[in-house]
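Chains, contacts and geometry: an overview
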Amino acid sequence: MTRFIKLFNLSRLYSRRFIFVIAGLVIIAALPLIIGSEYVISEVLAPMLIFAIYASSWNLLAFSGQGSLGHAAFLGIGGFTSALLAIKLGVPPLLGLFLGGLFSAAIGFLIGLTCVRLKAWFLGMVTFGFSVISLTLVSQFDSVIGGIMGFRTPLIVPRGVLFYYFTFAVAAASIFIIYLIMKSKLGLAFKAIRENELEAKMTGINTARYRLVAFILSTFFAGLAGGLYAQYIRYIDVSIFSPHFSFLPLMMAVIGGLGTLSGPLIGSAIIVSIDAYLPRIDHLLQGLLGSLFPAVSNVGPPIRMMLLGIILLVVVIFAPKGIYSVIDKAYAHLLNKRAAGKQ
Amino acid sequence: MQKKILVVITAIVVIVAITSAGVWQITQQPASSPSPTPTQTATPLASTTPSPDARPVRIGLVAGYQLAEGQDMDRAAKLAVEEINAAGGVYVAEWNTKVPIELIIADTGKDTAGETVGPITRAVVEDKVDLLIGGYTSAGTLAGQVVAIENRVPFIITGASSNLVTRRGPQGNFGGLAEDDARRINDAEGMSYMFHYCTTTSDYSTTVVNFFAETMKPLIDSTYHFAASRPLRLALIYRNDAFGKGVVADTKNLIITNNLPIEIVAERSYQTTATTFQTDLTVIKDAKPDAVYVVDFIANTAEIIKEGRKDVGLNTVYIAVECCEDPQFYTLLGEYGDGVLLESKFASYAGPPFYLPAIETYVANYKAKYNTLPGMMGADTYDAFYIAKEAIERAGTLDKAAIRDAIEQINMPQMLIMTKTGTIQFSTGVNYHEISPVTFVEQLTYNATLQEARPKIVYPSAVPVVGSIKQAEFVLPPGYQPGSP
Amino acid sequence: MITPSGLAETLLWGVANGCIYILLATGLSIIFGVMKLVNFAHGQLLMIGAYLAFTTSVILGVNSYLAILVAMVGVAIIGVAVERLTFRKVLGTEKLNEIFVSLGLIYIFENAAVLLWGNKSAQIPSSINGILSLAGISISYDRLAAIGIVVVILLSIVFLMKRTKIGLAMQATSQKSDAAKLMGINIEKVYVFTFALGAALAGAAGALYGIIFPFSPTLGALPTIKAFAIIILGGLGSIPGAVIGGLLYGIAETTAGYLLGGIWPDAIAFVLLIAVLIIKPTGLFGGKGE
């Protein structure tokens, strides 16, 4: 209960927080005007926003004390549904995007029915298994879906700055909704379940139902992110079901700060930046370390991937609340200092 | 509560305002598609002094560094660039000087569809490459090439086996894709920047089915006294992806259209994550085939052949696809390689002496630099750099449209990959911007001192221009059991 | 076309493949039983074990079956380091943290192996060749050897658990760690030993895997997930359960491949697992859930 009280105390800071949030939004919205590079806008900033939605969807699940090792299944279902609806049935792509999310949520509901009774590892297993099954089904029905060779997705808006603003609008809306969910009674129930399921049950919370709701909500946003991802790549094939896509949102949420609103955003920004910018130093690494590892022709990529693992370990062990908490603490420290200075 | 709502509304208003401001800003700007400037802007300089504008040629290598094949491409590319630069570089007439090649790497990870777009965009938009070379998987290339198509950057594709990479535009009659197929690209001009310097799934299959019809069927007919009317019983085992399905579809098509005496008696596919294949091989064994066509990459192909011979007792003729032409394949197969067939276009193991002098030098240089024999994937990439050099020198400028025209009209002697004309030329028409490679069949023989098998070319006996390439006669492997009569 | 002999061979291969899964699952199960910890990077320990055995037998020329011992010792040492440096720091915190740590380890191990051994496939040359044929069913000697080795290792584990001091301490800890502590058992020591033992089993599984199949650094999370599926099937923390689960899983996989086609084995195994979990969320033979 003490945590709840703390939370309510925080409510006084809402207005200040909102100033920060609005400032953040203004900055994100203005970025393309500041940064002229087409590459940065469409290949760095846009995927950051898409993965922010995806990581937030995973985060929402974790917020209710659940985890998934197969979220790529929902990313893929959303992506394939939205693209196929537009191609085969002529559904407007924008509508298809949301239908993709809804279909993903519907599948999420069915999977969730089996998952709500399961705990951490079991849930991880079943969800991972489900991503394998999705991949098999998409391969099996390739003559209808065409996912093995893949196909181009009909676009909602052209690539570039316009797509960035479109993604921005969807991401802002999604994350705002996730914020509202997390702060609502529903969110409090999720939190209660996460902290102590038994206690939550005793206070009369139907834990199974709430966990199912969390699962559905999370898979909806994962499906939405999948549709956007297919828009961003402008192509979709079965590789979207690969485990790497299941692990990415988890890493982003954990590195950024699990259970916080801005954690997944920070995590997404960090991981997308690593992918986008670190290849730049590959030739330096190869020059430095290449002779030590003759088995590979370029040491950059494995070192980069290893770095992801190391960051994850360091965060989990030394800053379990993620980078967000580190920033938060540093900020609080700064405030205290200033307050002390004034006195 | 009211205050909260107020804040929320303010937030939304601000977001909408900024978003629309951004959109307005963009719509104000003219659509900044790179307008195709008229070519031949190069003004011949009267003086012999190099132009101050001279800069290195930037060539982007699209390769998946998380794959062994991508690393082979990387090594071959670096070798080619080193050689060209050591010889002074590329002569650009417009600048009246030779300039070196600067290799820009577009690392596409595992080369899946999701991984190619970002790196190719970076190479094209940020690094402003003059030309792209590479691409390994079909799906990855189909997704990533769109960036090059839109930005009008010449792209010599050296890996993807699907012929759609150049045929999905109007010039290639959309590669047989239906009207509503989402893979079609209606941009004729953009598609004209794509070139396919690689064998396609139909190239593999043509050689394989012709080998069975022309060489193997007569041999088993005479050895086992089969009636001439008995078709050769072929089984297919393939990975369930674009590559496997492409090869299988082409194989079936060729048998039907050419009315070849081959019957497909079994067909099994498996998930790309599979590690063991006994059950599929058992089904194939029960179908009693004369030969098995294995369509997969190195590790799985080797495992299929090993399990087939060792565990399942399927003692038949196995034929593997050219992407297995790699040091790993011979190592993994070991003694089980004896008698195995390999369809190929670049036989770095069938020599020395080699059927082409160029291969002799390439293999020696590669081995000296990297202490390993080259694989098949790098050979196309290596050639492509010389094609790029030739094209730029013909164009005399780094204008992309001029380079595109030069590649289109290129006519240079073949290098590591044999072609039917002995020259490197890109086709027009339905087989849009493809080369006509010569592929052949090798048979492996176990070498006890190396503890690995080594190949010799067994089919065809002669090819255009080079002449005889056959190094040995095809024989049925020891312990061979023919299919049911 | 389904033939009786084909089906019989399919079952036999299911058992043979199941053996490697059993070894992997037993390691995972022992660690889980004692420490209540799931190491999702267990499959990466298998991969490292395969490479250690590969290096020992190919570069140093040691017999491939002796190389199994080297792999076991090598991976056990890595296991100790992993336990001390990572898992110990998150033990007792939120359960999800273990999954996160494992995931980090997966990325580290995979890419360390890429750096050291390259991105290509390798296989350990078996020192036993030949095929045993009986009544139309054939199986190679190296697969039979693998079955034999797994049996020997499992019997040793049972002996260790039932007859040695450390084994009894492990059992005590697995039942009630607080009580075990009171009884003067050094829990940390037990944990280190347990993790090393589990890792050693993964190392042995890796060496056997490498003799039978080609392997590469990017084995991925699938082997661990399969092993985990097995211990769920067989009941968490139970060695006999892991054996039965492993055999069932191996047979389900090959039978699905034989009857439905090669694209189904992975999926069907998970369908089986999900079905079991729906019917009995604690596993087929599991008494108590965690």
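As the structure is a computational prediction, the values presented were derived from the model and not from experiment.

All names here are of chain B. The 5 strands lie next to each other as β4-β1-β5-β6-β7, forming an open sheet whose pairing is parallel. Either end of the sheet is taken by a strand with one partner, and the two such strands are β4 (101–107) and β7 (194–196). Mean inter-strand twist for the sheet, computed between neighbouring axes without regard to direction, equals 25 degrees. Two elements, strand β6 (residues 155–157) and β7, share 3 bridges in a ladder whose sense is parallel. Within β7, the residue paired with I157 across the bridge is H196. Strands β5 (131–134), β6 and β7 of the sheet are contacted by helix α14 (residues 400–408), whose axis makes an angle of about 30 degrees with β7.

The next point concerns the sheet that holds strand β15 (residues 440–447) of chain B. Residue and element names in this part refer to chain B. What the 7 strands build is an open sheet, ordered β9-β8-β10-β11-β12-β15-β16; its pairing is mixed. On the outer flanks of this sheet lie β9 (262–270) and β16 (452–459), each paired with one strand and no other. Across the sheet, the mean angle separating the axes of adjacent strands is 25 degrees when strand polarity is ignored. One ladder, built from 5 bridges, connects strand β8 (residues 232–239) with strand β10 (residues 291–295); its direction is parallel. Looking at the pairing, L236 lines up with Y293 of β10. The sheet strands contacting helix α8 (residues 242–257) are β8, β9 and β10, and the helix crosses β8 at an angle near 160 degrees.

Taking 1.5 Å of rise per residue, the 13 residues of helix α9 (residues 222–234) of chain C would be expected to cover 18 Å, and the 18 Å separating its terminal C-alpha atoms lies within 8% of that figure. Positive backbone phi, approximately 100 degrees, marks G235(C), located one or two places after α9(C).

The subject of this paragraph is the interface of chain C and chain B. With 31 residues of chain C at the contact, the number on the chain B side is 33 residues. Here chain C and chain B share an interface that buries about 2500 Å² over both sides, 49% of which is from carbon and sulfur atoms. At the surface where chain C touches chain B, the tally comes to 3 salt bridges. A salt bridge links K310(B) to D142(C), with the shortest nitrogen-to-oxygen separation between them at 2.6 Å.

What follows concerns the confidence of the model for chain C. For chain C, mean pLDDT is 84; residues scoring 70 or higher make up 95% of the total. Among the scores for the predicted complex, ipTM is 0.86 and pTM is 0.87.

Residues and elements named next belong to chain B. Cis rather than trans, the peptide bond between Y459 and P460 has omega equal to -10 degrees. By secondary structure assignment, the location of P460 is in the loop between β16 and β17 (462–463). Here R152, not a glycine, exhibits a phi torsion of approximately 60 degrees, which is positive. One non-glycine residue, F174, adopts positive backbone phi at about 60 degrees. Among the structural elements, F174 can be located in the loop between α5 (164–167) and α6 (188–191). On the accessibility criterion, F174 (11% relative accessible area) is buried.

If you look at the biggest cluster of nonpolar residues, it comprises 244 residues, and the most contacted ones within it are F128(A), M251(A), L132(B), F215(C) and F270(C). Considering every element that reaches this core, the biggest residue donor is helix α3 (residues 38–63) of chain A, with 18 residues. Setting aside anything within four residues of it in sequence, one finds M251(A) in contact with I271(A), L308(A), L312(A), L103(C) and Y107(C). Residues A76(B), V99(B), L373(B) and Y382(B) belong to the second largest nonpolar core, which totals 132 residues.

Okay, the pairing of strand β1 (residues 57–63) of chain B next. A regular strand carries its side chains on alternate faces of the sheet. All names here are of chain B. Among the 7 residues of β1, 7 are classified as buried, and the element is accordingly described as predominantly covered. Burial along β1 is two-sided: V57, I59, L61 and A63 and R58, G60 and V62, pointing in opposite directions, are all buried. When β1 meets β4, the two strands line up parallel, connected through 7 bridges. If you follow L61 over to β4, its bridge partner there is I105. One ladder, built from 4 bridges, connects β1 with β5; its direction is parallel. Residue pairing for β5: G60 is matched across the bridge by L132.

Residues and elements named next belong to chain B. A full pass over the atoms with the stated rule returns 0 disulfides over all chains. As a non-bridged cysteine, C198 has C323 as the owner of its nearest cysteine sulfur, 10 Å distant. For C198, a relative accessible area of 5% gives the class buried. Among the cysteines around C324, which has no disulfide bond, C323 carries the closest sulfur, lying 4.6 Å off.

Of the residues lining the interface, 46 residues belong to chain C; the matching set on chain A comes to 41 residues. At the boundary of chain C with chain A, the tally comes to 1 residue pair in polar contact (both at pLDDT 80 or more). When contributions to the side of chain C that touches chain A are tallied by element, the ones reaching two or more residues are α3 (67–90), α4 (95–117), α9 and α11 (265–279) of chain C. For the side of chain C that touches chain A, the leading source of residues is α4(C), giving 18 residues. Here the residues of the side of chain C that touches chain A are counted per class, giving 35 nonpolar, 5 polar and 6 charged.

Definitions and limits used
- Residues numbered from 1 in each chain as written.
- Chains lettered and ligands numbered in written order.
- Predicted model: local features only at pLDDT ≥ 70, side-chain atom pairs only at ≥ 80, totals over all residues.
- Heavy atoms only, no water.
- Pairing = 2+ DSSP bridges.
- Helix = DSSP H or I, 4+ residues; strand = E, 2+ residues; numbered from the N terminus.
- Axes fitted to C-alpha atoms, helices over the stretch in contact; angles between N-to-C directions.
- Contact = heavy atoms within 4.5 Å.
- Expected span 1.5 Å × (residues − 1).
- Buried area = accessible area lost by both parts, 1.4 Å probe.
- Salt bridge = Lys/Arg side-chain N within 4 Å of Asp/Glu carboxyl O.
- pLDDT = per-residue confidence, 0-100.
- Buried < 20%, exposed > 50% of the residue type's maximum accessible area, 1.4 Å probe, protein only.
- Core = buried A, V, L, I, M, F, W, Y, C linked by side-chain atoms within 4.5 Å.
- Disulfide = S-S within 2.5 Å.
- Polar contact = N/O pair within 3.5 Å; in protein donor to acceptor, adjacent residues only side chain to side chain.
- Nonpolar A, V, L, I, M, F, W, Y, C, P; charged D, E, K, R; others polar.

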